[in-house]
Amino acid sequence: MRNVILLAILPQLLLGIGDAAAHAFLDHASPRVGATVSAAPREVTATFTQKLEPAFSALRVTNAAGQRVDTGGTRVNGNVMSVTLRPGGTGTFRVDWKVLSVDTHTTEGSFTFRVGQ
Ligand SMILES: [Cu+2]
C-alpha cells in the first residue's frame with residue numbers, strides 16, 4: 001500500500017520540480033546581490049531567468065529606514081528589469097522584486113546591497 005502511494009506521488013514531485021525550474025527567478029543584479037558599492041547607484045537592474053510580463057513585474061527599493069528610494073516606473077525589457085533611484089543615501093538598501101513570467105507564473109523575492117565604505 002505504501003509503495004502504491006509513493007508511486008502516485010512521485011510523478012507529481014517530478015513535475016513540480018520541473019515546473020519550478022521554468023519560473024522566472026533572479027539570475028543576477030546590478031549592484032550585485034549582497035555587494036557593497038562606494039557610491040549610490042543611479043539605478044538598480046535585475047536580470048531574470050525568463051522573459052517578463054511588463055505590466056505585472058516591478059522592482060521596489062527601500063533604504064535602511066524603510067523609505068522608498070526608487071522613482072517608480074519599473075522598466076522591463078525581455079528578461080531585464082530596471083528602476084531609477086533618487087540620488088544619495090548610504091547604508092543597506094533592500095530590493096524587492098515581483099515578476100510575472102511569460103509562462104504566467106508569479107515569483108517574488110528580495111536582496112540587499114550596501115552603499116558606503
Ligand atoms: Cu513557471
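Just so we're clear, the structure is a prediction, and the values are computed from it rather than from any experiment.

J.: Kindly report on the nonpolar core, identifying the contributing residues and their values.
T.: Val44, Phe48, Leu59, Val61 and Phe113 are the most contacted members of the largest nonpolar core, which has 19 residues in total. If sequence neighbours within four positions are ignored, Phe48 has contacts with Ala24, Phe25, Leu26, Asp27, Asn79, Met81, Trp97 and Val99.

J.: How would you summarise the coordination of the copper ion if you had to cite specific residues and measurements?
T.: The copper ion binds to the protein through His23 (ND1), Asp103 (OD) and His105 (ND1), with metal-donor distances spanning 1.9 to 2.1 Å. When the donors of the copper ion are listed by position in the chain, the intervening gaps give H-x79-D-x1-H. Pair noted here: His23 is in the loop between α1 (2-22) and β1 (26-30) and Asp103 is in the loop between β7 (91-100) and β8 (106-115), with a separation of 80 residues, a long-range link. Accessibility expressed as a relative area gives 22% for Asp103, which makes it partly exposed.

J.: Kindly report on the sheet that holds strand β6 (residues 80-84), identifying the contributing residues and their values.
T.: Here 4 strands make up an open sheet; going across it, the order is β1-β3-β6-β5 and the pairing antiparallel. What marks the edges here is a single partner per strand, and that holds for β1 and β5 (75-77). Each adjacent strand pair in this sheet contributes to an overall mean axis angle of 20°, direction not counted. Sheet topology places strand β3 (residues 43-48) next to β6; 5 bridges connect them, and they run antiparallel.

J.: Any details on the environment of Ala55? Residues and values, ideally.
T.: Residue position: Ala55 is located in the loop between β3 and β4 (58-62). In this structure the C-alpha to C-alpha distance between Ala55 and Thr74, which are 19 residues apart in sequence, comes to 9.5 Å.

J.: Outline the packing of aromatic side chains, supporting the account with residue identities and numerical values.
T.: Taken as a whole, this structure holds 2 aromatic pairs when the rule is applied. Summarising the aromatic geometry, the rings of Phe48 and Trp97 are spaced 5.0 Å apart at their centres and angled 70° between planes, so their arrangement reads as edge-to-face. You can see Phe48 sitting in strand β3 and its partner Trp97 sitting in strand β7, a full 49 residues away along the chain. Judged by relative accessible area, which is 2%, Phe48 ranks as buried. Between Phe93 and Phe113, the ring centres sit 5.5 Å apart and the planes meet at 10°, which makes this aromatic pair stacked. Of the two residues, Phe93 is situated in strand β7 and Phe113 in strand β8; the sequence distance between them amounts to 20 residues.

J.: For the sheet that holds β4, give the residues involved together with the corresponding values.
T.: Strands sit in the order β2-β8-β7-β4 across an open sheet of 4 strands; the sheet is mixed. A strand with exactly one partner marks an edge of an open sheet, and here the two such strands are β2 (36-37) and β4. With 2 bridges connecting them, β2 and β8 associate as parallel partners. When the sheet's bridge partners are listed, Val37 is paired in β8 with Val115.

J.: Can you lay out the environment of Gly89 for me, pointing to particular residues and giving the numbers?
T.: By the element assignment, Gly89 lies in the loop between β6 and β7. Residues Gly89 and Val69, spaced 20 residues apart in sequence, show a C-alpha to C-alpha distance of 8.9 Å. Gly89 has contacts with Ala40 and Val115, leaving out every residue within four places of it along the chain.

J.: Can you explain the pattern of salt bridges? Please cite residues and give values.
T.: What the rule picks out here adds up to 3 salt bridges. One salt bridge in this structure joins Asp70 and Arg68, with 3.0 Å as the shortest N-O distance. In this structure, Arg94 and Asp96 form a salt bridge, with 3.0 Å as the shortest nitrogen-oxygen distance. Relative accessible area serves as the criterion here: at 41%, Arg94 is assigned to the partly exposed category. On the basis of relative accessibility, which here comes to 22%, the residue Asp96 falls in the partly exposed class.

Definitions and cut-offs
Residues numbered from 1 in each chain as written. Predicted model: local features only at pLDDT ≥ 70, side-chain atom pairs only at ≥ 80, totals over all residues. Heavy atoms only, no water. Core = buried A, V, L, I, M, F, W, Y, C linked by side-chain atoms within 4.5 Å. Buried < 20%, exposed > 50% of the residue type's maximum accessible area, 1.4 Å probe, protein only. Contact = heavy atoms within 4.5 Å. Donors = N, O, S within 2.8 Å, 3.2 Å for Na, K, Ca; no water. Helix = DSSP H or I, 4+ residues; strand = E, 2+ residues; numbered from the N terminus. Pairing = 2+ DSSP bridges. Axes fitted to C-alpha atoms, helices over the stretch in contact; angles between N-to-C directions. Phe/Tyr/Trp six-rings, centres within 6.5 Å; stacked < 30°, edge-to-face > 60°. Salt bridge = Lys/Arg side-chain N within 4 Å of Asp/Glu carboxyl O.

Shape descriptors only; they carry no functional weight alone.
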